[in-house]
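# Structural overview for review
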Amino acid sequence: MTIKVIALNTFKEAVRDRILYLLLFFAALSILVSRILALLTVGDGAKIIKDVGLASISFFGALMAILIGTGLVYKEIEKRTIFTLISKPMRRHEFLLGKFFGLVLTLLVMLALMSVIFLALVFFHTFSVEWKMLLAILYIFIELILITAVAILFSSFSTPILSSLFSLCFYLIGHFSWSLETLIKKIPAGIFKVLAQIVYTILPDLENFNFKTEVVHGLTIPPQVLLYSAAYGFLYTVFILSLAILVFRRRDFI
Amino acid sequence: MKTVLAIENVHKFFKVGFIPKKKEILKGVSFAVAESEIFGYLGPNGAGKTTTLKCILGLIFPDRGKIEIFGQPHLEPRAKERLGFLPENPYFYDYLTAREFLDFYAQLFRVKKDERKERVASLLNLVGMDRARDLQLRKFSRGMLQRIGLAQALVNEPSLVLLDEPLGGLDPLGRKEIRDIIIRLKAEGKTVFLCSHILQDIEMICDRVAIIVDGKILSQGPLTDLISEKILFTEITLSGLAAKDLAGLGESLSAHGGRTLIKVFHEEKIQEILDLVKNRNAKIHSLIPRTQTLEDLFVEVVKSQ
């Protein structure tokens, strides 16, 4: 109940923040630009639109999660609004989870808006509603949930600028860590292989949530892969949130 | 009398500086607040008033000591159910309107929807903010924030209200209004814990006070016990007498427009001055006995440190 109240207030805070609309504007622009790119390309223009559109949704969604998420908790502490909140009958983890779910709700709404623009653009090109695009968008959403958790973790002990940098690093590392997996396959067994394996396990692999290529090219995705990716996202999010709660629980608000 | 808030031997250290050094902010603070009293918590800037308050509210964790609210450990949500709190220089969610803001806090106390609407309206009325109910808090002045902050502290109809500098940033009329509200809270049987350094206000409304200096409580008790009723001196303003006539009777403070202000320390000297005035056909304009004020006590306690 307390979590819900805080989540709804966080949603209200986020949707009254101008930065959200700025990002939404650029996301829409970026999705629409794909139409121009399609005109310039030889071959299947619809694929370009889908590819660029989905990439825009993913990128701007991540930016929204990072830029708003990193400010959420920090601002409460900095502006001392947290004083009156924590003094109410609530546990600290309820506060943090409320913030988390509030931002997740915001991102859901934003993703829905971007999806509508995207699907409409695709519709005008192919004259069919391509529902399977939503599968890729669903996994983008799972990725954004994880990024939100990361942003909130950093926000609970660091300033927004540093938190944004850390979260951006997490996002970039997450999208390139798959190359480590390739490396592990190539190097001979030994200490380095084990080390690489450990590093790969700890680092996030956000490519697990990337089904854009499969969806755009109409490839079939085995259900176990989908299931594995969803479970990976869920467990990683729970892990990061637990870490955030642990940091937050014993913190002094001076 | 039932104890509402009990603080026992609370210590708090902060790490300060680039190479962290431990600094003790609270050095074993103990006091108890009884039901239905207005308790004043005084101290100079940096003495540890707000730190004590933050310990009570669970914003920071004491390193040693025990805090109980209504006989329960202070971090229990149940203990906080009946607590109201107004922070110093309150900042709130500036994107909310006054009504949304109070409604949000009422929701945190699980107040039902119909009841919330009613309560928010009556609180806005109580603090005189009716006209600003649909205005976003970012457009509020400091005094308005202070009022809406007080409304927020009362949203759950608390039994214990903790107020940190509730009269700061208010004009004289606003201060009187807030003072009246505090007195009304006491009349309703609520307990008020008040941190302030506006001593006149505290003196006017508090039943008991504790004075904290440098992390230690130096003096506490009922205001009437701490401040003696004894007359310290009497200030007399008179005209028609020359300064030399008054020599030896008191300390002459000023002489303007034919009037002399004289500070008299002994009662028998007052009589002598009155006789002199009568004999010489002079005139008394005022005669004011001065008892000890909270300010005198405060200055005395702080200086003794």
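What counts, and at which threshold
Sequence order as written defines residue numbering, which begins from 1 separately in each chain. Following the order in which they are written, the chains are lettered starting with A and the ligands numbered starting with 1. Residue-level local features of this predicted model are given only where pLDDT is at least 70; pairs of side-chain atoms are given and counted only at 80 or more, and the full residue set underlies all totals for whole chains, interfaces and linings. Remark: hydrogens and water are excluded; side-chain values derive from all non-hydrogen atoms of the structure. Secondary structure elements follow DSSP: runs of H or I of four or more residues count as helices, runs of E of two or more count as strands, with numbering from the N terminus. Contact between two residues is taken to exist if any of their heavy atoms lie within 4.5 Å; hydrogens are not considered. Domain ranges listed in this record stem from an automatic or a database domain assignment. By convention, a stacked pair of Phe, Tyr or Trp rings (six-membered ring in the case of Trp) has centres within 6.5 Å and planes under 30 degrees apart, an edge-to-face pair has planes over 60 apart, and any other such pair is tilted. Summary of the burial criterion: residues with accessible area below 20% of their type's maximum are buried, those above 50% are exposed, and those between are partly exposed, where the area comes from a 1.4 Å probe applied to protein chains only. Here, over-ring charges are defined by two tests on the NZ atom of lysine or the CZ atom of arginine: distance to the ring centre within 6 Å, and angle to the ring normal within 35 degrees. Basic side-chain nitrogens of Lys or Arg form a salt bridge, by our definition, when they fall within 4 Å of a carboxyl oxygen of Asp or Glu. Under this definition, polar contacts are N or O atom pairs within 3.5 Å; protein pairs additionally need one hydrogen-donor-capable and one acceptor-capable atom, and for neighbouring residues in sequence, both atoms have to be side-chain atoms. At least two bridges found by DSSP between two strands are what make those strands a pair. An axis is simply a line fitted to the C-alpha atoms; with a helix, the fit covers only the stretch in contact. Between two such axes, the angle follows the N-to-C directions and lies from 0 to 180 degrees. Note that patches include only residues with greater than 30% relative accessible area and no salt bridge, and the join distances are 9 Å for like charges and 5 Å for nonpolar side chains (Val, Leu, Ile, Met, Phe, Trp, Tyr). Where accessible areas are quoted, they stem from the Shrake-Rupley method and a 1.4 Å probe; at the residue level, only the protein chains shown are allowed to cover. By the counting rule applied here, Lys and Arg register as positive and Asp and Glu as negative, while His and the ends of each chain are not counted. Charged side chains are reduced to one point each, which is NZ for Lys, CZ for Arg, CG for Asp and CD for Glu. Each angle is binned into one of four classes, with values under 35 degrees roughly parallel, values over 145 roughly antiparallel, values of 65 to 115 roughly perpendicular, and all other values oblique. For any pair of crossing helices, the crossing counts as left-handed if the nearer helix is rotated counterclockwise from the farther one by less than a right angle, and right-handed if it is rotated clockwise. Polar here means any residue other than Ala, Val, Leu, Ile, Met, Phe, Trp, Tyr, Cys and Pro, which are nonpolar, and Asp, Glu, Lys and Arg, which are charged; Gly is therefore polar.

The next thing to look at is the side chain of Ser158 of chain A. Tracing the chain through its elements places Ser158 of chain A in the loop between helix 6 (133-155) and helix 7 (160-176). Sequence-distant contacts of Ser158 of chain A, defined by excluding residues within four places in its chain, comprise Tyr74, Ser163 and Phe166 of chain A.

The subject of this paragraph is the domain arrangement of chain B. The accessible area lost on association of the parts is a frequent measure of interface size. Looking at chain B, the domain boundaries give domain 1 (3-226) and domain 2 (231-292). Put simply, the middle of domain 1 of chain B and the middle of domain 2 of chain B, counted by C-alpha atoms, are 45 Å apart.

Turning our attention to the packing of aromatic side chains. Within the structure shown, the criterion is met by 25 aromatic pairs over all chains. A centroid spacing of 6.0 Å and a plane angle of 45° characterise the contact between Phe209 of chain A and Tyr232 of chain A, whose relative ring orientation is tilted. With Phe209 of chain A in the loop between helix 9 (191-202) and helix 10 (212-216) and Tyr232 of chain A in helix 11 (residues 223-249), this residue pair connects regions lying 23 residues apart in the sequence. The residues Phe209 of chain A and Tyr232 of chain A share a single accessibility class, namely buried. For the cation-ring pair, Arg250 of chain A lies above Phe61 of chain B, with the distance from its terminal atom to the ring centre recorded as 4.1 Å. Residue placement shows Lys263 of chain B over the ring face of Phe233 of chain B; its charged tip is 4.6 Å from the ring centre.

Glancing now at the pattern of salt bridges. Under the defined criterion, the tally for this structure stands at 23 salt bridges over all chains. The closest approach of N and O atoms between Arg119 of chain B and Glu157 of chain B, which form a salt bridge, is 3.7 Å. With Arg119 of chain B in helix 4 (residues 113-126) and Glu157 of chain B in the loop between helix 5 (142-153) and strand 7 (160-164), this pair connects stretches of sequence that are 38 residues apart. You can call Arg119 of chain B buried: its relative accessible area is 13%. Among the residues examined, Glu157 of chain B registers a relative accessible area of 51% and is labelled exposed. Ionic contacts of the salt-bridge type, sharing partners, join the residues Glu13, Lys75, Glu76 and Lys99 of chain A into one network.

Of note, Thr237 of chain A is situated in helix 11. With residues near it in sequence (within four places) discarded, Thr237 of chain A still touches Phe100, Ile145, Leu146 and Ala149 of chain A.

With that settled, the discussion passes to the environment of Thr191 of chain B. Residues and elements named next belong to chain B. Residue placement: Thr191 occurs in strand 8 (residues 191-196). For the pair Thr191 and Pro158, spaced 33 residues apart in sequence, the C-alpha separation works out to 8.8 Å. Residue contacts for Thr191: discarding those within four places in its chain leaves Val4, Val33, Ala34, Glu35, Ser36, Glu37, Ser159, Leu160 and Val161. For Thr191, the side chain forms a polar contact with the main-chain nitrogen of Ser36, separated by 2.9 Å.

Looking now at unusual backbone geometry. Residue and element names in this part refer to chain A. Its identity is not glycine, yet Arg80 carries a phi of approximately 65°, on the positive side. Secondary-structure assignment places Arg80 in the loop between helix 3 (45-78) and helix 4 (81-86). For Arg80, a relative accessible area of 33% gives the class partly exposed.

Residue and element names in this part refer to chain B. The 6 strands lie next to each other as 6-7-8-3-9-10, forming an open sheet whose pairing is mixed. Either end of the sheet is taken by a strand with one partner, and the two such strands are strand 6 (83-86) and strand 10 (216-222). Neighbour-to-neighbour, the strand axes of the sheet open up by a mean angle of 15°, direction not taken into account. Relative to strand 8, strand 7 runs parallel, the two being bridged by 5 bridges.

All names here are of chain B. On the basis of which strands lie adjacent, the open sheet formed by 4 strands has the order 2-1-4-5 and antiparallel pairing. One side of each edge strand has no neighbouring strand; the edge strands of this open sheet are strand 2 (21-34) and strand 5 (72-73). As paired elements, strand 1 (residues 3-16) and strand 4 (residues 64-69) share 5 bridges and run antiparallel to each other. Within the sheet, the bridge partner assigned to Ala6 lies in strand 4 and is Glu68.

Before going further, it helps to spend a moment on a negative patch on the surface. Together, Glu267, Glu268, Glu272 and Asp275 of chain B make up a region of like negative charge exposed at the surface. For Glu272 of chain B, a relative accessible area of 40% translates into the label partly exposed.

All names here are of chain B. Following both chains from N to C, one finds helix 3 (residues 98-108) and helix 5 inclined at 25°, their axes separated by 9 Å at the closest point. Considering their axes alone, helix 3 and helix 5 lie roughly parallel with respect to each other. Crossing geometry of helix 3 relative to helix 5 is assigned as right-handed. Together, Ala98, Phe101, Leu102 and Tyr105 of helix 3 and Ile148, Ala151 and Gln152 of helix 5 make up the contact between the two elements. Looking at the contact of helix 3 with helix 5 residue by residue, the class counts come to 6 nonpolar, 1 polar and no charged.

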